Structures are given as structure tokens and as C-alpha cells.
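One letter stands for each residue in the lines below.
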2 protein chains.
Amino acid sequence: MSPRAGLDRRTLVIAAAEIADHEGIEAVTLAALAKKLGVRSPSLYNHINGLQELRTQLAIYGLSELSNAMNNAANGFSGDVAVQAMGRAYVDFARSRPGLYETTLRAPEQANMELEKASDHILKLIIDVMKDYHLGEEGEIHAVRGLRSILHGFASLEQKGGFGMALDTNVSLSRLISSYIAGIGNMKSK
Amino acid sequence: MSPRAGLDRRTLVIAAAEIADHEGIEAVTLAALAKKLGVRSPSLYNHINGLQELRTQLAIYGLSELSNAMNNAANGFSGDVAVQAMGRAYVDFARSRPGLYETTLRAPEQANMELEKASDHILKLIIDVMKDYHLGEEGEIHAVRGLRSILHGFASLEQKGGFGMALDTNVSLSRLISSYIAGIGNMKSK
DNA sequence: TATTTAAGCTAATACCATTAGTTTTTGTGG
DNA sequence: CCACAAAAACTAATGGTATTAGCTTAAATA
């Protein structure tokens with residue numbers, strides 16, 4: 001059946017991300033991944049160092065995809081428009097890749113350079129877009145924390161079905177961002 | 001060793017919550033719980049229907065504890081003060097019971113009446129505190145979604161070590177809430 | 001006190017990750 | 001073209017997990 005499957009780490013990670021999106025993050029097991037790839041699970045160890053490393057790689061991949069989406073969305077805009085676009089892109093990413101999105105927030109364990117780099121990159125994108133509001137050094141940090149909280153909280157609750165009612169969630173998101181930005185002066189250290 | 005351990009479901013859930021808080025949510029296994037309680041794991045099935053039900057019960061327990069904390073904090077206050085107090089209580093709960101807090105957002109699976117009730121109770125607390133802002137029927141729903149997003153996002157990111165820098169996170173939280181409330185008019189449907 | 005019920009137990013099954021050791025394919029140097 | 005070395009697959013085995021079945025015994029009750 002298999003004179004060589006021709007796997008590599010990238011293939012593994014992409015396939016694992018598909019499992020995460022379609023069957024949930026709990027279904028990402030080496031056994032399931034091996035079956036999807038037509039291989040026995042010990043064979044995966046030729047390409048990746050075990051489940052934990054797979055999860056770390058998923059997080060890195062997810063963060064990089066998320067970065068791209070946010071960057072594309074906000075590129076060329078500034079101020080409120082940029083924030084709204086970036087926020088919408090963030091949430092849309094979580095919607096379209098729910099499993100992959102979840103993996104981005106589930107890989108602390110031991111530090112990993114590549115992972116920190118991917119995480120820092122997103123942070124930079126958010127910092128950039130907050131610069132327009134001239135909040136000062138500290139104010140800016142608080143404001144970035146705030147925006148990240150908003151986006152992650154919204155994406156996460158929506159994903160878990162936390163917003164039961166029928167009311168349009170896109171409206172909720174854009175108004176949430178508007179409200180936050182409208183009061184952004186409160187982030188300044190006085 | 002054990003002429004009867006005298007277990008019941010509540011004992012199981014409380015012990016499981018301790019494991020979650022002290023060793024992480026991944027460490028909540030029936031094997032670990034049984035060991036902690038001085039019993040063999042099949043014995044747990046006399047009190048609970050398996051790991052999934054344990055998780056559901058943990059979520060219910062966590063939501064109920066969280067409700068209490070939020071209610072105690074906001075009780076007697078209104079407006080900005082109430083929102084700040086409730087927000088602080090929410091985040092403090094997540095800080096002091098990190099594992100139990102996580103379980104509250106990890107039990108969709110098949111619906112469970114008791115779980116929905118616990119969840120609705122928290123929703124009601126948040127709705128109450130938003131009523132002071134007179135946002136109209138729809139506006140209120142959007143506003144509640146917003147506040148929940150803020151609180152969950154903040155608690156979750158802080159827990160995962162997402163706020164790397166040394167800057168005081170309590171300040172970040174209170175300013176985040178202030179900013180949101182300052183712009184809350186944007187939640188109204190015009 | 002006899003009996004029933006429920007809470008514990010052991011044994012067994014099935015699935016998972018991981019390691020060790022083996023086979024086989026593939027690419028490369030002669 | 002052939003030999004060989006490296007890499008990628010494999011099988012087998014270990015130890016951990018949840019769960020089920022069936023047994024034993026303590027506790028409650030009639």
C-alpha cells in the first residue's frame with residue numbers, strides 16, 4: 001500500500017489543522033492523523049516529535065495564518081477603519097478555522113522561539129493600529145491588551161455558542177469595537 | 001483500607017475542581033480523581049456517569065461559584081461602579097480558580113438543563129447591571145455580549161500568560177471597562 | 001435478624017502515545 | 001549499474017487512559 005507516503009512536517013500540521021476544524025480539537029490525535037494520512041502512528045515520529053510538538057506547530061501555523069488575515073485586512077487603512085477591519089478579520093478567522101484558532105491559545109508548556117515570534121508578530125500588528133490614537137507608552141499597552149481581550153473574548157464566546165440569541169453577531173462586534181474606540185481616551189495615563 | 005469511602009457526586013466535583021486548579025485542566029482524569037479520593041476508578045461510576053458528565057458538573061459548579069462572586073460584588077451598586085465591581089470579581093474568580101474557570105467554557109456537547117440554568121443566571125446578572133444605561137432592547141443585548149467578551153477575553157488571555165509585560169493588569173482591566181462604558185452609547189440601535 | 005441495596009472491588013476490553021528494533025525504499029558515490 | 005547509507009515506513013511491546021461486566025461486602029431497612 002505504501003512504498004513511501006512522502007510526508008513532511010508541514011503536511012502533518014496542515015492535515016492536523018483540518019481535523020481540528022472539522023472534528024474539533026479533541027479529535028486531533030496521532031492515531032487520527034496517521035489514519036488520515038494513510039500511515040501507522042509511529043511513522044509520524046519521523047517528522048514530528050510527538051503530540052505536544054504537533055500542538056506547538058499547530059499554534060505557530062495558526063498564528064501565522066491569523067497574522068496574514070489581520071495584516072491583509074488592515075493594510076492601507078488607519079484609525080477606526082483599520083481597527084474595525086482588523087477586528088472583523090480576526091473574528092472571521094476564528095469562524096472559518098475554529099479548530100486552528102483554538103490551537104493558537106493552547107500551547108504554553110515550555111517556551112518556543114518560533115511560537116513567540118509568531119505571537120509577537122500579531123502583537124505588533126495590533127500595536128501599529130493603536131498608534132494612531134496617541135495614548136502614550138503605557139496607555140498604548142493597556143489599549144492593546146484591551147483590544148486583544150475584546151477580539152479573543154468575542155471570538156471565543158461566539159465559537160462556544162455563548163451568544164444564544166438570533167441577533168446579528170457582526171453588529172455586536174462592530175458596535176463593541178466602536179464603543180471601545182469611542183472611549184479609548186480612558187486608556188491614557190493621566 | 002476502605003470499608004466505604006463515603007463519596008458522593010459533590011465530593012467528586014469539588015475534588016476534581018481542586019485538581020483542575022492545582023495541576024491544570026488536562027490533569028482532571030478519572031484515574032487521578034480516584035487516586036486523590038483513595039478509590040479505584042471504576043468506583044467513581046457509582047456517583048457519576050463518566051468523564052463527560054464530570055466535566056459538565058464541573059462547569060455547572062464553576063458557573064455557580066462565579067455567579068456568587070459576581071453577585072456579591074455588584075450587589076447594592078449600580079452604573080459604572082457596579083460594572084467595575086462585577087468585572088473585577090469575574091477576573092478575580094478566574095485568577096483564584098483558574099482550572100475551575102476554564103471548565104465553565106468547555107462543556108457544550110449535548111445540552112443540559114442545569115448547565116443552561118447556571119449560564120442564564122450569570123447572563124441575568126450582566127443584563128441587570130447594563131439596564132442602567134438605557135440602551136433599548138437590542139442595544140442591551142449587544143452591550144451584554146460586549147461586556148461578556150471583554151471579561152472572558154481578559155481573563156482568558158491573562159490566564160494564558162498573554163500579557164507578557166510587567167504593567168499592572170488590574171489597571172488594564174479597569175481602564176478597559178471604563179473605555180467601554182464611556183462609549184456605550186454606540187451600542188444603541190439608531 | 002434477614003434481606004436488599006448500593007458502594008466498593010477485580011478483571012477485561014479498547015484506545016491512546018510512545019519507544020525499540022526491523023524492513024524497505026530512495027538517493028547517491030563509486 | 002551497483003553498493004551502500006540515510007530516511008521513512010513498519011511491527012511489536014509498554015504503560016496510561018476510560019469504560020463495562022460481574023463479584024463482594026458493607027450498610028440500611030423491613
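Here is what the cut-offs are and how they apply
- Residues numbered from 1 in each chain as written.
- Chains lettered and ligands numbered in written order.
- Predicted model: local features only at pLDDT ≥ 70, side-chain atom pairs only at ≥ 80, totals over all residues.
- Heavy atoms only, no water.
- Helix = DSSP H or I, 4+ residues; strand = E, 2+ residues; numbered from the N terminus.
- Expected span 1.5 Å × (residues − 1).
- Buried < 20%, exposed > 50% of the residue type's maximum accessible area, 1.4 Å probe, protein only.
- UniProt positions renumbered as here; feature names shortened; annotations may be inferred.
- Contact = heavy atoms within 4.5 Å.
- Near = heavy atom within 4 Å.
- Polar contact = N/O pair within 3.5 Å; in protein donor to acceptor, adjacent residues only side chain to side chain.
- Nonpolar A, V, L, I, M, F, W, Y, C, P; charged D, E, K, R; others polar.
- Phe/Tyr/Trp six-rings, centres within 6.5 Å; stacked < 30°, edge-to-face > 60°.
- Buried area = accessible area lost by both parts, 1.4 Å probe.
- Salt bridge = Lys/Arg side-chain N within 4 Å of Asp/Glu carboxyl O.

- Per an unreviewed UniProt entry, chain A goes by the name TetR family transcriptional regulator and belongs to Paenibacillus etheri.

1. Some points on helix α8 (residues 136-159) of chain B
Residue and element names in this part refer to chain B.
Reasoning step 1: Taking 1.5 Å of rise per residue, the 24 residues of α8 would be expected to cover 34 Å, and the 34 Å separating its terminal C-alpha atoms lies within 8% of that figure.
Reasoning step 2: With respect to burial, α8 is a largely interior element, 19 of its 24 residues being buried.
Reasoning step 3: One or two steps after α8, the chain reaches G161, where phi turns positive at roughly 75°.

2. Structural notes on the UniProt feature "domain: HTH tetR-type" (unreviewed entry) in chain A
Reasoning step 1: Mapped onto this numbering, the UniProt entry annotates "domain: HTH tetR-type" (unreviewed entry) at residues 6-66 of chain A.
Reasoning step 2: Across residues 6-66 of chain A, the secondary structure splits into 70% helix and 0% strand, with the terminal C-alpha atoms separated by 28 Å.

3. Regarding the side chain of T103 of chain B
Residue and element names in this part refer to chain B.
Reasoning step 1: For T103, the position within the fold is in helix α6 (residues 98-103).
Reasoning step 2: The class for T103 is buried, based on a relative accessible area of 5%.
Reasoning step 3: For T103, the contacting residues outside a window of four places in its chain are I25, L58 and A59.

4. Some remarks on the protein's contact with DNA strand C
Reasoning step 1: As a structural note, the neighbourhood of DNA strand C is formed by 20 residues, with R4, L30 and Y45 of chain A together with S43 and H47 of chain B the closest of them.
Reasoning step 2: Between a phosphate oxygen of DNA strand C and a side-chain N or O atom of Y45 of chain A, the distance comes to 2.6 Å.
Reasoning step 3: Measuring from a phosphate oxygen of DNA strand C, one finds a backbone N or O atom of R40 of chain B at 2.8 Å.
Reasoning step 4: Of all the elements in the fold, those that place two or more residues in the surface near DNA strand C are α2 (30-37) of chain A together with α3 (41-44) of chain B.
Reasoning step 5: For the surface near DNA strand C, the per-class residue count stands at ten nonpolar, seven polar and three charged.

5. As for the packing of aromatic side chains
All names here are of chain A.
Reasoning step 1: Under the defined criterion, the tally for this structure stands at four aromatic pairs over all chains.
Reasoning step 2: Their ring planes at 75° and their centres at 5.6 Å tell us that Y90 and Y101 sit as a pair that is edge-to-face. One end of the pair, Y90, is in helix α5 (residues 79-96); the other, Y101, is in helix α6 (residues 98-103), with eleven residues separating them in the sequence. With respect to burial, Y90 and Y101 carry one shared label: buried.
Reasoning step 3: Geometrically, the ring pair formed by F154 and F163 is tilted, given 5.2 Å between the ring centres and 50° between the ring planes.
Reasoning step 4: Given the relative accessible area of 1%, F154 is considered buried.
Reasoning step 5: The exposure class assigned to F163 is buried, which follows from its relative accessible area of 9%.

6. A word on the interface of chain B and chain A
Reasoning step 1: With 39 residues of chain B in contact, the opposing surface of chain A contributes 39 residues.
Reasoning step 2: Taken over both partners, the interface formed by chain B and chain A buries close to 3500 Å², and the fraction arising from carbon and sulfur atoms is 62%.
Reasoning step 3: The largest share of the area that chain B buries against chain A comes from R145, L167 and R175 of chain B, three residues that together contribute 20% of it.
Reasoning step 4: For the interface between chain B and chain A, the tally reads zero salt bridges.
Reasoning step 5: At the junction of chain B with chain A, the criterion picks out 20 residue pairs in polar contact (both at pLDDT 80 or more).
Reasoning step 6: The greatest single-element share of the side of chain B that touches chain A, amounting to 13 residues, is contributed by α8 of chain B.

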